[in-house]
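# A look at the structure
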Amino acid sequence: MRYYIIFGITFILLLFILFYNPYLGVYNDSISIKYEFNDEDYHWEYNLNNDNLSLQESDKNYWKFIPNKNGKTTITFFYKNDQSIKYKIIYSFKVKNKKIYWIDGEGYGLLDFPNPY
């Protein structure tokens, strides 16, 4: 009987840990992304898959996005030159009521990529 209680408590804690906060980050009113790679032959470009976020300001390696309308969106960043793509980073977000929820991040060619702030 005691093992069933321990198993039940462990199972409930596991469910709480898994579903308590499924987002990697929650941001109010804006989200910024900055990269610190300085290769003269390559440059950063981005692609938004819809208009749920809009670009408010940008610099060479810095972008600030603000909510435009509710829904899910993806921002893909490419570190590339004219012939090839060196790095590719995909961020998934959910926009709801002027808040931006970071759902997922995935990088190709990098061991680590910067978190939005």
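Right above here is the structure, for reference.
Reference entry: report on the structure contained in this document. Source: prediction; values computed, not measured.

### Concerning the packing of aromatic side chains
- Scanning all chains against the criterion turns up 15 aromatic pairs.
- Ring centres 5.6 Å apart and planes at 20° place the aromatic pair Y42 and Y79 in the stacked group. Of this pair, Y42 sits in the loop between β2 (31-34) and β3 (43-48) while Y79 sits in strand β6 (residues 71-80), and the two are 37 residues apart along the sequence. Note on accessibility: Y42 and Y79 belong to one class, buried.
- Each ring, one from W44 and one from F77, has its centre 6.5 Å from the other, and the planes form 80°; the classification is edge-to-face. With a gap of 33 residues between them, W44 in strand β3 and F77 in strand β6 connect regions that are remote in the sequence.
- Site record: aromatic cluster; members linked through ring pairs are Y35, Y42, W44, Y46, W63, F65, F77, Y79, Y87, Y91, F93 and W102.
- Its guanidinium or amino end placed over the ring of Y101, K94 lies 6.0 Å from that ring's centre, counting from NZ or CZ.

### So, the sheet that holds β6
- Taken in spatial order, the five strands make up an open sheet running β1-β8-β7-β6-β3, and their pairing is antiparallel. Every other strand in the sheet has two partners, leaving β1 (25-28) and β3 as the edge strands with one partner each. On average, adjacent strands in this sheet sit at an angle of 25° to one another, irrespective of strand direction.
- Examined bridge by bridge, strand β7 (residues 85-96) and strand β8 (residues 99-108) share nine bridges and lie antiparallel to one another. The residue bridging I90 from the neighbouring strand is E106, located in β8.

### Details of the nonpolar core
- In this structure, F77 and Y91 are the most contacted members of the largest nonpolar core, which totals 22 residues.
- When contributions to this core are tallied by element, the ones reaching two or more residues are β2, β3, β5 (62-67), β6, β7 and β8.
- Per-element tally for this core: the top contributor is β7, with five residues.
- Once residues within four sequence positions are removed from consideration, F77 is found in contact with I33, Y35, W44, E45, Y46, W63, F65, Y87, K88, I89 and Y91.

### Side note on a nonpolar patch on the surface
- Where nonpolar side chains cluster on the molecular surface, the patch consists of F7, F11, L14, L15, L18 and F19 and spans about 640 Å² of accessible area.
- Among the secondary structure elements, L15 is positioned in helix α1 (residues 2-19).

### Re the environment of Y108
- By the element assignment, Y108 lies in strand β8.
- Distance in space between the C-alpha atoms of Y108 and N68 is 28 Å, their sequence separation being 40 residues.
- A distance of 2.7 Å separates polar atoms of two side chains, one belonging to Y108 and the other to E106.

Conventions we followed
Residues numbered from 1 in each chain as written. Predicted model: local features only at pLDDT ≥ 70, side-chain atom pairs only at ≥ 80, totals over all residues. Heavy atoms only, no water. Phe/Tyr/Trp six-rings, centres within 6.5 Å; stacked < 30°, edge-to-face > 60°. Helix = DSSP H or I, 4+ residues; strand = E, 2+ residues; numbered from the N terminus. Buried < 20%, exposed > 50% of the residue type's maximum accessible area, 1.4 Å probe, protein only. Lys NZ or Arg CZ within 6 Å of the ring centre and 35° of its normal. Pairing = 2+ DSSP bridges. Axes fitted to C-alpha atoms, helices over the stretch in contact; angles between N-to-C directions. Core = buried A, V, L, I, M, F, W, Y, C linked by side-chain atoms within 4.5 Å. Contact = heavy atoms within 4.5 Å. Patch = residues over 30% accessible without salt bridge, like charges linked within 9 Å, V, L, I, M, F, W, Y side chains within 5 Å. Areas by Shrake-Rupley, 256 points an atom, 1.4 Å probe, with all protein chains shown as cover. Salt bridge = Lys/Arg side-chain N within 4 Å of Asp/Glu carboxyl O. Polar contact = N/O pair within 3.5 Å; in protein donor to acceptor, adjacent residues only side chain to side chain.

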